[in-house]
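Here are the chains, one letter per residue:
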Amino acid sequence: MEQVLFHQNTLYVYNTTSRQKERFEPLHAPFVGMYACGPTVYSEPHLGNCRSFVMYDLMFRYMLHLGYKVRYVRNITDAGHVESTSGETGDRISKQAKIEQVEPMEIVQKYSVKFHRIMDTLNCLPPSIEPTATGHIVEQIEMTKKIMENGFAYETDDAIYFDVEKFSANYPYTKLSGRNLDDLLNNTRELGGQESKKGRLDFALMIKAKPEHIMRWPSPWGDVYPGWHIECSAMSEKYLGKTFDIHCGGMDLIPTHHTNEIAQCVACNHVDPVKYWLHPNMLTVNGQKMSKSLGNSFLPAELFDGSHPLLDQGYSPMTVRFSMLQAHYRSTLDFSNDALKAAEKGYKRLMNAKSALDQITISGTINNEEEANVNKLLLATYDAMNNDFNSAQAIAELNEAASMINTWNSLQNKKANIQEHTLLRLKTLLHHFLFDIFGLLEESENNNEKLNGVMELVIDIRKDARGKKDFATSDKIRDALQGVGIQLKDSKDGTSWQAE
RNA sequence: GGUCGGAUGGCCGAGUGGCUAGGCAAGGCUCUGCAAAAGCUUCUACAGCGGUUCGAAUCCGCUUCCGACCUCCA
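From a predicted model like this one, the values you see are computed outputs, not experimental measurements. In this numbering scheme, every chain counts its residues from 1 along its sequence in written order. Each chain is given a letter, starting from A, and each ligand a number, starting from 1, according to the order in which they appear as written. Residues qualify for local features only when their pLDDT is at least 70, as the model is predicted, and side-chain atom pairs are given and counted only at 80 or more; totals for whole chains, interfaces and linings, by contrast, use all residues. As a rule here, side-chain values cover all heavy atoms of the structure and leave hydrogens and water aside.

Note on ring pairs: Phe, Tyr and Trp rings are taken, using the six-membered ring of Trp, and paired if centres are within 6.5 Å. Classes follow the plane angle, with under 30 degrees stacked, over 60 edge-to-face and the rest tilted. Going through the model one piece at a time under the given rule, you end up with 18 aromatic pairs. Summarising the aromatic geometry, the rings of F24 and Y68 are spaced 5.7 Å apart at their centres and angled 85 degrees between planes, so their arrangement reads as edge-to-face. Of this pair, F24 sits in the loop between strand 2 (20–23) and strand 3 (31–36) while Y68 sits in the loop between helix 1 (47–65) and strand 4 (69–74), and the two are 44 residues apart along the sequence. Taken together, a centroid distance of 5.8 Å and an interplanar angle of 80 degrees make the contact between F152 and F167 edge-to-face. Of the two residues, F152 is situated in the loop between helix 4 (137–149) and strand 5 (153–155) and F167 in helix 5 (residues 164–170); the sequence distance between them amounts to 15 residues. Under the relative-accessibility criterion, F152 is labelled buried at 11%. An aromatic cluster is built from F152, F162, F167, Y171, Y173 and F203, whose rings are joined through pairwise contacts. Two limits define a charge over a ring: the Lys NZ or Arg CZ must be within 6 Å of the ring centre, and within 35 degrees of the ring normal. Lying over the aromatic face of F152, K166 brings its terminal NZ or CZ to 5.9 Å of the ring centre. The cationic tip of K198 hangs over the ring face of Y154; the distance from NZ or CZ to the ring centre is 4.5 Å. Helical segments are the DSSP runs of H or I of at least four residues, strand segments are the runs of E of at least two, and each set is numbered from the N terminus. Residue exposure (1.4 Å probe, protein chains only): buried if accessible area is under 20% of the type maximum, exposed if over 50%, otherwise partly exposed.

So this is what it looks like as structure tokens:
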């Protein structure tokens, strides 16, 4: 039996289009269609990329938890992400293929695999559908044809361009970004390259492939490869329909990629494709956006093993995930040693409280204040998430829970003065939030049976030594274990251990 | 240069005009053979200057600083 919680929990989301929080009402509840811009698989994703994917995962998980039937589509851009800055035309995949001296599809394969591994490591659920651009060339060509038929695109010697000026006469092109169209049109900044497009804001739907270009597909305009924006429009329409609920993507995609996506869809289907646009903010390093071009990227692997020069230790995947959850998705998040260290401790605190809660039972008497505090907290945690997925706030509420749990746990009898079903609800809450919604995992190796057996023995030997006041032996055991990353924790109830 | 968004205690970070978010660090205490771990506890901040209000971190204006986008980026 599945719970449907969305009737009691009204979700509010910040819609970039309206610049305010709106009540989330799916077009066809309980179904929710959600599209997120996935990676361009020409290199390894860095932590900034990962943050966005973790945030989409949080949204996906929370909506699932509420009982929505979510179809989460996240594409893979494996063709056509054009670099058009300096006259050199060509897409990122082809460029990287030249650098690594392999086939473009080898690049695609290599970095798709890496991407999926990282998503697994960070415990992101796989999307419901993960379509690739190369698998949907037909749909993209069809869409381009329709846009041309509708009069919003034109052909030149080198490409099919979208006519932004013509489009903007009929529709507020800059609606999403809030930019002033005239300012954009009159921007004095010089563009490189000698493209044949008419307007400076026009963008390529399809690019005619030069003879040396390997990734190419036949079309009414000769051999072409797709522009970047058209794939998302074509694939979102195919799997979610002409209109759907949620579209996610990094904030940096608003003025260009997402603006153009809307333009394409409207020019093609005459309807606004997306009801709610949700945009996670950037990850920063020393206040600056993490980006490949700035050279300040952290790769996940460098973070996990601590090999990045700015770090003085490694941090586990769940520490990284937790640090991302501790900030709201629309705020910038600054990555630093101190922030990660704090996250590491904070994550352990919650996990420890979760384990401690398993030992807590009810006393049989009810303390009204205790009872009220727990009930308040149960609501507050949901309220936080209902308020535009405020995981930071929700974590703060769970920390309040941790304090209560720790207090009960420090009592001789480990008993709480609350109702039985209230205790049960608290246990359920912690389980749901930590594992299902936040997507955290237990990282300790305490569930390894053989190691458990060995540790039991070692702890027993040390206990005997301590009993005989043979502290040389007991300390030797403690220090040696510390050396291999196992920490012993002495308490009144005996000794437990934890692997780093 | 244009447009948009920020500035919160030692650090990271929530904050929907009134009820000290939270975590980490630091100090104190409990526990302990010593330590670690764990727990309890203390630390009342909102860039500056004006304004609105009974009351402002929150609303408005100006100033300073920072960032993002405008050219590829999640």
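Another aspect to go through is the pairing of strand 6 (residues 159–162). Alternating residues of strand 6 divide into A159 and Y161 and I160 and F162, and every residue in both groups is buried. Here, strands pair whenever DSSP counts at least two bridges between them. With three bridges joining them, strand 5 and strand 6 adopt antiparallel strand pairing. Each residue of the ladder has a partner; that of Y154, found in strand 6, is Y161. Relative to strand 7 (residues 203–208), strand 6 runs antiparallel, the two sharing four bridges. Among the inter-strand pairings, I160 is bridged to a residue of strand 7, identified as M206.

Once that is clear, we can look at the nonpolar core. Throughout, nonpolar core names a set of buried Ala, Val, Leu, Ile, Met, Phe, Trp, Tyr and Cys residues whose side chains join them through atoms within 4.5 Å. Counting 85 residues, the largest nonpolar core has M34, L47, M63, F389, W408, L426 and F438 as its most contacted members. The biggest single contributor to this core is helix 1, with 11 residues. Domain delimitation in this document rests on an assignment produced automatically or drawn from a domain database. Counting the residues that make up this core, at least three belong to each of domain 1 (12–278) and domain 2 (283–437). We call two residues contacting when some pair of their heavy atoms lies within 4.5 Å. Not counting chain neighbours up to four residues away, the residues in contact with W408 comprise L357, I360, E370, V374, K414, K415, A416, I418 and L426. One finds C37, F162, L181 and L201 within the second-largest nonpolar core, a separate group that totals 40 residues.

Here the focus is the domain arrangement of chain A. Accessible area lost upon the coming together of the parts is a frequently used measure of interface size. What the domain assignment lists for chain A is domain 1 (12–278), domain 2 (283–437) and domain 3 (449–499). With centres defined by C-alpha atoms, the gap from domain 1 to domain 3 works out at 56 Å.

So, about the sheet that holds strand 6. The four strands are arranged 5-6-7-8 in an open sheet whose pairing can be described as antiparallel. Of all strands in the sheet, those bounded by a partner on one side alone are strand 5 and strand 8 (224–226). Going across the sheet, the axis of each strand differs from the next one's by a mean of 20 degrees, ignoring polarity. Helix 4 rests against strand 5, strand 6, strand 7 and strand 8 of the sheet, and its axis sits at about 120 degrees to strand 7. Geometry is summarised by axes, namely lines fitted to C-alpha atoms with helices restricted to the contacting stretch, and by angles between N-to-C directions that run from 0 to 180 degrees.

A separate point is the packing of helix 2 (residues 92–100) against helix 3 (residues 104–121). At a closest axis distance of 8 Å, the pairing of helix 2 and helix 3 adopts a crossing angle of 95 degrees. Between helix 2 and helix 3, the angle is such that the two are roughly perpendicular. Every residue of helix 3 that contacts helix 2 at I93, Q96, A97 and E100 is listed here: P104, I107, V108, K110 and Y111. All residues other than Ala, Val, Leu, Ile, Met, Phe, Trp, Tyr, Cys, Pro, Asp, Glu, Lys and Arg, Gly among them, are scored as polar; the first ten of these are nonpolar and the last four charged. Considering only residue class, the contact of helix 2 with helix 3 consists of six nonpolar, one polar and two charged. Note that the term roughly parallel is reserved for angles under 35 degrees, roughly antiparallel for angles over 145, roughly perpendicular for angles of 65 to 115, and oblique for everything else.

In this section: the protein's contact with RNA strand B. Near RNA strand B there are 61 residues, and of these R92, W228, G250, K289 and K345 occur at the shortest range. By convention in these notes, a residue is near a molecule or strand provided one of its non-hydrogen atoms lies within 4 Å of it. For RNA strand B, the fraction of protein-proximal atoms (within 4 Å) that sit in sugar or phosphate groups is 61%. Here a phosphate oxygen of RNA strand B and a side-chain polar atom of K345 are 2.3 Å apart. Polar contacts, as counted here, are pairs of nitrogen or oxygen atoms within 3.5 Å of one another; within protein the pair requires one atom able to donate a hydrogen and one able to accept it, and residues that are adjacent in sequence qualify only if both atoms are side-chain atoms. With respect to RNA strand B, the side chain of Q393 contributes an N or O atom lying 2.6 Å from a sugar or linking oxygen. Sorting the residues of the surface near RNA strand B by element identifies helix 1, helix 6 (181–186), helix 8 (254–269), strand 13 (333–334), helix 11 (337–357), helix 13 (391–410), helix 16 (471–483) and strand 16 (486–491) as the ones contributing at least two each. The element best represented in the surface near RNA strand B is helix 13, accounting for eight residues.

What follows covers unusual backbone geometry. Here the bond from A29 into P30 is cis, since omega is 5 degrees, no more than 30 degrees from zero. Along the polypeptide, P30 turns up in the loop between strand 2 and strand 3. One non-glycine residue, H270, adopts positive backbone phi at about 65 degrees. Residue placement: H270 occurs in the loop between helix 8 and strand 10 (274–278). Despite not being glycine, D388 shows a phi value in the positive range, around 60 degrees.

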